[in-house]
Every structure is written in structure tokens, then in C-alpha cells.
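Here's the letter readout for the chains.
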Amino acid sequence: MPFSYLTHLHCPKCEKVYRPDEIQQLCVCGSPLLVDYDLQELKKHWRPSAFSGRPSTLWRYHELLPVTAPENVVTLGEGMTPLLPMNRLGMDMGIGRLWMKDEGIIPTGSFKARGAAVGVSKAKELGVQELAMPTNGNAGAAWALYAARAGIRASIVMPVGAPLITRNECAVSGANLNLVKGLISDAGKIVGQAVKEHGLYDASTLKEPYRIEGKKTMGLEIAEQLEWNVPDVILYPTGGGVGLIGIYKALRELAELGWIKDKLPRLVAVQSAGCAPIVKAWEERKPASEFWTDSSTVAFGINVPKALGDFLVLEAVYQTEGCAIAIEDAELLEEQRKIARLEGAFVCPEGAAAFSATRKLRENGWIKESETVVVLNTGSGIKYPETVHVEVPVLEPHDVMRRS
Ligand SMILES: *Cc1c(COP(=O)(O)O)cnc(C)c1O
Ligand SMILES: [Zn+2]
């Protein structure tokens, strides 16, 4: 049996087909490319029992991943994160079965590790020696660290406002790190120029086809962890939307393999009110979004004013009868605290936004009490110390502590 059932790449816009054994970036028409596998052949060989002896990483699904030779796998042990019951929070919201897929404990501190692990592995397999990318922080951190492990040089450009910890993750890895006085879209222009001038591999979101495949494994894991059942609703904090596109792709592949039988979950794209282009497009029932000017939010991972794959995110939402919803910073910060108090989980602001959206959608009846709901917490709250503001008493050594 082959390690991977990879067959080719195709364009979801103009349907042009590309070879996967050469470097590919965008389609000639400008659209991101999607990866295809021989699912009919895989169907004959794949059995749920095959997974029992495999490592607890995303590489347990290697047949459905694009790396064709095991020696090219670059891993820090990412994947198979816990699917945790959130009973007290669920009770607080009026949801009987509320789960958190917790990406807070993955290498590099955010689920960007999934995209980086698979993207960098495939880049290594294709002979890439130097890559470049713009980032809001977490993706750059993950790609810089995985590139270091692969022996690939990385150039990263991020806004000066990006969190210090993600800067440090890039710097310590030896990446060529640059800051820009602007937004991720400005960083993107600088990277685009360098790519053109120096022939670098462009690892920008969706400009290489393999990051989606890494993020897709969240969908595979949720299905496996629910014993090949699917929840009614999955909520995802959406910036570039790669995770949502990936989860939708994973679920469709599993349905085609005959592994999941139920209706697909309703997929919810959660954004920040300070940057909500996908929500606006969904509200207007449009197939694509428009650039969101002057975007700003504490949830920097979802501060993406215009996503290259917006049409794919919207398709996933429309096709599954999902929805898109925006959350104010104040609301998500309050939810972040509530989650820590009720469940002991210090989630990232993006994850908190998805929980806050869950609460709102339960309140307005879009989510029913009896439904099974999975919320993605896409990173660790520890990466964002500046989002928590509390008054803490400072004692002299002889002082007496008050009880709360
Ligand atoms: C990047 C990021 C997101 C958004 O992911 P996309 O796939 O770009 O939509 C959400 N949460 C965190 C913590 C992130 O770093
Ligand atoms: Zn095309």
C-alpha cells in the first residue's frame, strides 16, 4: 500500500489540473489549488482498525496527506489534540453536549503547527530550500520553527503590532524576520516582491496548496474521536479560513470513503466585529467577500481583511447550512474568563470568540439544546498574556492574606 494516495491538484474555480510532484503555487487563474487523492482505491484498503496502533499525531492519516515518502515527514509530534467535554460551560449556555477541540497544547502554541508540519514536509519533498511568508504571528512562528527542523531557510514578515512571543519564536529559530509598520496585507506585498525577485517558495496562506491538508486533520480527528460520527455544529474562528476549508474537505473525503454516514455538521465561521468580511458577505448572501478597511481586534489571528480563499469558506458555510457571526472584543474577553473559571481552560481570544458565538447562537435558537456542538480552540491563551487585566494585591512579607 502506498504511504499517500495523492493523485493531483485541481483548481476549484476553472478546474485546471496540476501535477503534485512539481512546485505549484496559485492556479494561472489566480485561485488557490486543492489536493486530490484516489479515494476509490483507498476505500478498498482503509479500515477503522488500522488506526489503533498508529502514533497519536496527525500523521496517523498519512494516506490522506500529500507527503509521498515517510522520510520527508517533518514532525514535532503535532495533532491528536484532546476533544474535551465542557459540561459546566455547556450547562451555563444551555447546551447538553458541548465539546472543545483543544489546539492550545500543540507544538508552537497554535494550530498553525498542523499547516506548517504538512506544508513544510511537502516543501522538503519538493526540494524547496528557501520559503517566505507574511503572517499575523502564529503562522510565521510555526513555519519558522518547522522550517528550521527541515533545514529550510525562512523569511517572515509580520506587522510590528503582532504579539512579541510570535516574534521571538521566529527569531529564535534563526528565520530572517522582518516587521512592517502596517497590516498583514502590507506584509503580503513585501513578500510578493521578494518572491518575484529571488524566486522564493511562497508559503503565504493558500498560495501553496498543502497547508489546507494539514489543517484538514482537525476534521479527521473530530470524526475519529466521536467514533466516526459527526457533531451537529462545528464553530471555527475564521481569518484566512484555512481551517474551515480544511474541515469541510476532510468531512467530504470521509463521506466519500463511506466512513461517516450522517449529514455533514453545520459549519460556523466566527469573526471579530472589528474584522468581519466573511460575515458581511454571508449576510448579503454573496459568494465572495470585500476588503475590510481599518480592521482591528485583540484576536490577531483572525485579523484578515481579505482572504484569498473567502469563496471556499463561504461555499462550506452555504453547503452545510451553517452561518457566519461576528463577536465584539469585549464579549470574547468576557467569555475567555468564563471558560477559565468554569472549565480551567485558558483559551486564546480567537477560541473565546468561537465560544461566545456558540452562546449567542444558542440564545437565538440557531443551536438547539439537544445538539452536539464542537468548538475549536485554535491556540493557547498563554501566547496572549496582554489580553488579561486583573487587579492583584501585592503584599509585604508580614501582611495577612484575605480570602476571596
Ligand atoms: C490563524 C489563526 C486563526 C484563523 O485561522 P485561519 O485558518 O486563517 O482562518 C484562528 N486562531 C488562531 C489562534 C490563529 O492563529
Ligand atoms: Zn484556475
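Residues numbered from 1 in each chain as written. Chains lettered and ligands numbered in written order. Predicted model: local features only at pLDDT ≥ 70, side-chain atom pairs only at ≥ 80, totals over all residues. Heavy atoms only, no water.

Q: What am I meant to see in the coordination of the zinc ion (ligand 2) here?
A: By definition of the ideal shapes, a tetrahedral metal site with four donors has angles of 109.5 degrees and an octahedral site with six donors has angles of 90 or 180 degrees. The coordination sphere of the zinc ion (ligand 2) contains the protein donors Cys11 (SG), Cys14 (SG), Cys27 (SG) and Cys29 (SG), at a distance range of 2.2 to 2.3 Å. Taken together, the four donor atoms coordinating the zinc ion (ligand 2) and their angles of 103 to 120 degrees define a geometry best described as tetrahedral. Overall, Cys11 belongs to the buried group, its relative accessible area being 0%. Residue classification places Cys27 among the buried residues on the basis of a relative accessible area of 4%. (Donors = N, O, S within 2.8 Å, 3.2 Å for Na, K, Ca; no water. Tetrahedral: all angles 85-135°; square planar, octahedral: opposite > 155°, others 65-115°. Buried < 20%, exposed > 50% of the residue type's maximum accessible area, 1.4 Å probe, protein only.)

Q: In this structure, what is going on with the nonpolar core? I would like to understand it.
A: Inside soluble globular proteins, nonpolar side chains tend to come together where they are buried. In terms of nonpolar packing, the biggest core is built from 116 residues, with Leu98, Leu235, Val270 and Phe355 touching the most fellow members. The element best represented in this core is helix H8 (residues 242-256), accounting for eight residues. Three or more residues apiece are contributed to this core by two domains, here domain 1 (6-73 + 111-202) and domain 2 (83-105 + 216-387). Every residue in contact with Leu98, bar those within four places of it in the chain, is listed here: Leu84, Pro85, Met86, Leu89, Gly90, Met93, Phe355, Thr358, Val373 and Val375. Core analysis: the second largest hydrophobic core is formed by seven residues, Val180, Val191, Val195 and Leu200 among them. (Core = buried A, V, L, I, M, F, W, Y, C linked by side-chain atoms within 4.5 Å. Helix = DSSP H or I, 4+ residues; strand = E, 2+ residues; numbered from the N terminus. Domains from an automatic or database assignment. Contact = heavy atoms within 4.5 Å.)

Q: For this particular structure, what's the right way to read the UniProt feature "domain: Tryptophan synthase beta chain-like PALP" (unreviewed entry) in the protein chain?
A: As annotated in UniProt, the feature "domain: Tryptophan synthase beta chain-like PALP" (unreviewed entry) corresponds to residues 74-379 in the numbering used here. In residues 74-379, helix accounts for 44% and strand for 17%; the two terminal C-alpha atoms are 21 Å from one another. (UniProt positions renumbered as here; feature names shortened; annotations may be inferred.)

Q: Would you mind going over the site of ligand 1 with me for this structure?
A: Around ligand 1 lies a shell of 18 residues, among which Lys112, Tyr236, Gly239, Gly241 and Thr378 are the nearest. Separating an oxygen atom of ligand 1 from a backbone N or O atom of Gly239 is a distance of 2.8 Å. Within the side chain of Thr378, an N or O atom sits 2.7 Å from a nitrogen atom of ligand 1. When isolated, ligand 1 has an accessible area of 380 Å², and the protein chains bury 96% of it. Structurally, ligand 1 is housed in the largest pocket. Listing elements by their share of the shell around ligand 1, those giving two or more residues are strand S10 (233-237) and H8. Residues that form the shell around ligand 1 fall into these classes: seven nonpolar, eight polar and three charged. Counting contributing residues per domain, the shell around ligand 1 is built from domain 1 (6-73 + 111-202) and domain 2 (83-105 + 216-387), each supplying no fewer than three. (Near = heavy atom within 4 Å. Polar contact = N/O pair within 3.5 Å; in protein donor to acceptor, adjacent residues only side chain to side chain. Areas by Shrake-Rupley, 256 points an atom, 1.4 Å probe, with all protein chains shown as cover. 1 Å grid on protein atoms, 1.4 Å probe; cavity = no way out; pocket = protein on both sides within 12 Å on 5 of 7 lines; lining within 4 Å. Sits in = over half its atoms within 2 Å of the grid points. Nonpolar A, V, L, I, M, F, W, Y, C, P; charged D, E, K, R; others polar.)

Q: What's the story with the packing of helix H7 (residues 211-225) against H8 in this structure? I'm lost.
A: Pairs of packed helices are described in terms of their axes, by the angle between the two and the distance that separates them. Contact geometry of H7 with H8 gives a least axis separation of 7 Å together with a crossing angle of 60 degrees. As the angle between them shows, H7 and H8 are arranged oblique. The handedness of the crossing between H7 and H8 comes out as right-handed. Residue-level inspection shows Arg211, Ile212, Glu213, Lys215, Lys216, Met218, Gly219, Leu220 and Ala223 of H7 in contact with H8, the latter providing Val242, Gly243, Ile245, Gly246, Ile247, Lys249, Ala250, Leu251, Glu253 and Leu254. Its residues assigned to classes, the contact of H7 with H8 comprises ten nonpolar, three polar and six charged. (Axes fitted to C-alpha atoms, helices over the stretch in contact; angles between N-to-C directions. Parallel < 35°, antiparallel > 145°, perpendicular 65-115°, else oblique. Left-handed = near helix turned anticlockwise from the far one by under 90°.)

Q: Is there a simple way to think about the sheet that holds strand S11 (residues 266-272) in this case?
A: Hydrogen bonding along the main chain pairs the strands of a sheet, whether they run parallel or antiparallel. Strand order in the open sheet formed by six strands is S4-S5-S13-S10-S11-S12, and the pairing between neighbours is mixed. Of all the strands in the sheet, the pair left with one neighbour each is strand S4 (83-85) and strand S12 (323-327). Going from strand to strand, the sheet's axes swing by 25 degrees on average, the running direction of each strand aside. In terms of strand pairing, S4 meets strand S5 (residues 97-102) through three bridges, oriented antiparallel. Within the sheet, the bridge partner assigned to Leu83 lies in S5 and is Lys101. Contacting S4, S5, S10 and strand S13 (372-377), H7 crosses the sheet at an angle of about 140 degrees to S5. Its contacts with the sheet put helix H12 (residues 349-363) on S5, S10, S11, S12 and S13, and the angle it makes with S12 is roughly 115 degrees. (Pairing = 2+ DSSP bridges.)

Q: I would appreciate a short explanation of the sheet that holds strand S6 (residues 130-134) in the present structure.
A: Strand order in this open sheet of four strands is S8-S7-S6-S9, and the pairing throughout is parallel. Each edge of the sheet is formed by a strand with only one pairing partner; in this case those strands are strand S8 (176-180) and strand S9 (201-202). The sheet contact formed by S6 and S9 spans two bridges and is parallel. Paired with Ala132 across the bridge in S9 is Asp202. Across the sheet, helix H4 (residues 138-150) is in contact with S6 and strand S7 (153-159); its angle to S6 comes to roughly 170 degrees.

Q: Looking at this structure, how should I read the side chain of Ser110?
A: Within the secondary structure, Ser110 is located in the loop between S5 and helix H3 (112-125). Among residues more than four places away in sequence, those in contact with Ser110 are Glu103, Asn138, Thr378 and Gly379.

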